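# Close look at the chain arrangement
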Amino acid sequence: MLDTTDLQERLIGAYLNTPDYVATSPFVGRMADTFTGKLSLVGKHIDSLMAMNKTPTLEAVYEIICNDPGPVLPEYIMDLPGSKSETTVRGYESQMKDWASQRAIMQALRNAGKAIDPEKRITDPTPVISSLLEALRGVQTQAGADVNLGEGLREAIDRSDEARHNADAHPASWGLSSLDRLCPLEPGRMYILAAAPKCGKTSLAMQAAMATAKSGMKVAFASLEMRADELAQVMASRELGFDTRAFRRGQLDQSIMGDIRSLAQQWDDLDNIIVRDTRGDSHRCADIAAWVKVRNRMAGKLGLVIIDYLQLMESGDSRKSEYEVVTNNTRKLKLLASSLSVPVIVLSQMNREGRKQQMDSGREAGQVEPTLNALRSSGSIEQDSDAVLFLW
């Protein structure tokens, strides 16, 4: 068994020498809190690079430290040992989780002790005990510890009571009251929004993003198809009703351009929609999930996650078929929604057979209700999702 300092140095060294391990790390988004001493600062730099959609390589962190060394000397991270064995790294992570849990438990006990005034008689210990139990439940959640059915139900009751008593809480919304009643966006659930190309699935997703953001909640939008500026342009067009082609060609009246600039200022003030710019970025599911976790950590709590779209997500293994990639990715996205307790909307394409069925039906296009078989690479999509919505 390694001592804690050696363990931390070996794990951080492995992350810096093999950045792919960072994307799947259980500590992503909270490395500064997980590691201690100088390595806490190194972990903070890793998280900040991930938040900016940059790969946290040894060279990138080295450059940051050279510009602002603080208590960490650049030579220190260059000398960190870095195993490239996934089995070894996962073993380090398991030991680190155990040690971090122990440290968190000790801190919770210390905090509980500080809350007790030895000079005063305790007439009602309930507040101290409740605070301690809440802190210990948080440690249990971070560690992924097993719970029995009764504990699981009590945790669900606590969340229900919190939602009922929090008058300021605004749930995520589709931006359509009728759809909110039919299919409310609930925390921890994954929703598939499927349609043929050019049928409006991205527009509906953007409407949900805007409605949720205007209610005061943070939205993470990972667009794998459009850049951030293109996405903003489409959203502005929906809001103001201008022709995007005329906008790109510089052919709009100055009065409309003034409205667009005013809207840009309003969005600066709103600042609730975080877009993952796809230029040069990885489309791997693990990297996107890591970005969402970092953003959730930075935002305090995300209200909604949107991914556009499923079939563009990669696995990093070129040997896998599209069916295998989609199957693996839908399971990861479902786990992401569950672990963060955030609704996740995943856009999906329809397969050729589903589109052909509409064209060959003898009725006008778009008037044949699609079935789950119309989902492209559908193997596990309907199994992992909590609801599937079709636009046709």
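Below: a short report on this structure. (Residues numbered from 1 in each chain as written. Predicted model: local features only at pLDDT ≥ 70, side-chain atom pairs only at ≥ 80, totals over all residues. Heavy atoms only, no water.)

## Regarding the pattern of salt bridges
The line we're drawing: Salt bridge, as used here: a side-chain nitrogen of Lys or Arg that lies within 4 Å of a carboxyl oxygen of Asp or Glu. Numbering of helices and strands starts at the N terminus; helices are DSSP runs of H or I of at least 4 residues and strands are runs of E of at least 2. Buried means the residue's accessible area, taken with a 1.4 Å probe over protein chains only, is under 20% of the maximum for its type, while exposed means over 50%, and partly exposed covers the values in between.
Tallying each qualifying case throughout the model produces 7 salt bridges. Two residues, Arg189 and Asp386, come together in a salt bridge whose shortest N-O distance is 3.2 Å. With Arg189 in the loop between α10 (177-182) and β1 (190-195) and Asp386 in the loop between α18 (381-384) and β6 (387-391), this pair connects stretches of sequence that are 197 residues apart. In this structure Asp386 comes out as partly exposed when scored by relative accessible area, which is 33%. A network of salt bridges, in which partner residues are shared, links Glu186, Arg189, Lys334 and Asp386.

## Comments concerning the packing of helix α4 (residues 38-51) against helix α5 (residues 58-67)
What counts, and what does not: A fitted line through C-alpha atoms represents every axis, and for helices the fit uses only the stretch in contact; the resulting angles, taken between N-to-C directions, go from 0 to 180 degrees. Handedness of a helix crossing follows the sense of rotation of the near helix relative to the far helix, less than a right angle counterclockwise being left-handed and clockwise being right-handed. Contacts are assigned to residue pairs with any non-hydrogen atoms lying within 4.5 Å of each other. Classification used: nonpolar for Ala, Val, Leu, Ile, Met, Phe, Trp, Tyr, Cys and Pro, charged for Asp, Glu, Lys and Arg, polar for all others including Gly.
Between α4 and α5, whose axes approach to 10 Å, the crossing angle comes to 115°. In the crossing of α4 with α5, the sense of the turn from one axis to the other is right-handed. Residues Val42, His45, Ile46 and Leu49 of α4 lie in contact with α5, whose contacting residues are Ala60, Val61, Ile64 and Ile65. In the contact of α4 with α5, the residues fall into 7 nonpolar, 1 polar and no charged.

## What to know about the nonpolar core
Note the cut-off: Joining through side-chain atoms within 4.5 Å is the link that ties buried Ala, Val, Leu, Ile, Met, Phe, Trp, Tyr and Cys residues into a set, and such a set is a nonpolar core.
Membership of the largest hydrophobic core comes to 33 residues, with the highest contact counts inside it found for Tyr15, Leu16, Val42, Ile46 and Ile77. Contributions of two or more residues to this core are made by α1 (4-17), α2 (20-23), α4, α5, α6 (74-78), α7 (86-114) and α15 (285-299). Filtering out sequence-adjacent residues up to four positions away, Leu16 remains in contact with Val42, Ile46, Pro56, Thr57, Leu58, Val61, Ile77 and Leu80. Membership of the second largest hydrophobic core comes to 30 residues, among which are Ile192, Leu224, Leu333 and Val344.

## Side note on the packing of aromatic side chains
Aromatic rings considered in pairs are described by the distance between their centres and by the relative angle of their planes. The test is simple: Two aromatic rings, drawn from Phe, Tyr or Trp (for Trp, its six-membered ring), form a pair once their centres lie within 6.5 Å of each other, and the interplanar angle then sorts them: stacked below 30 degrees, edge-to-face above 60, tilted otherwise. By the criterion adopted, a ring carries a charge over it if an Arg CZ or a Lys NZ lies within 6 Å of its centre and within 35 degrees of its normal.
Using the criterion set out here, one finds 3 aromatic pairs in the structure. On the basis of an interplanar angle of 80° and a centroid distance of 6.2 Å, the ring pair of Phe27 and Phe35 is categorised as edge-to-face. Phe35 matches Phe27 in its accessibility class, with the two residues each being buried. Seen from their ring centres, Trp174 and Tyr191 are 6.4 Å apart, and the 85° between their planes marks the pair as edge-to-face. Linking Trp174 in the loop between α9 (149-165) and α10 with Tyr191 in strand β1, this pair joins segments that are 17 residues apart in sequence. The residues Trp174 and Tyr191 share a single accessibility class, namely buried. The ring of Tyr76 is capped by Lys38, whose NZ or CZ atom sits 4.1 Å from the centre of that ring.

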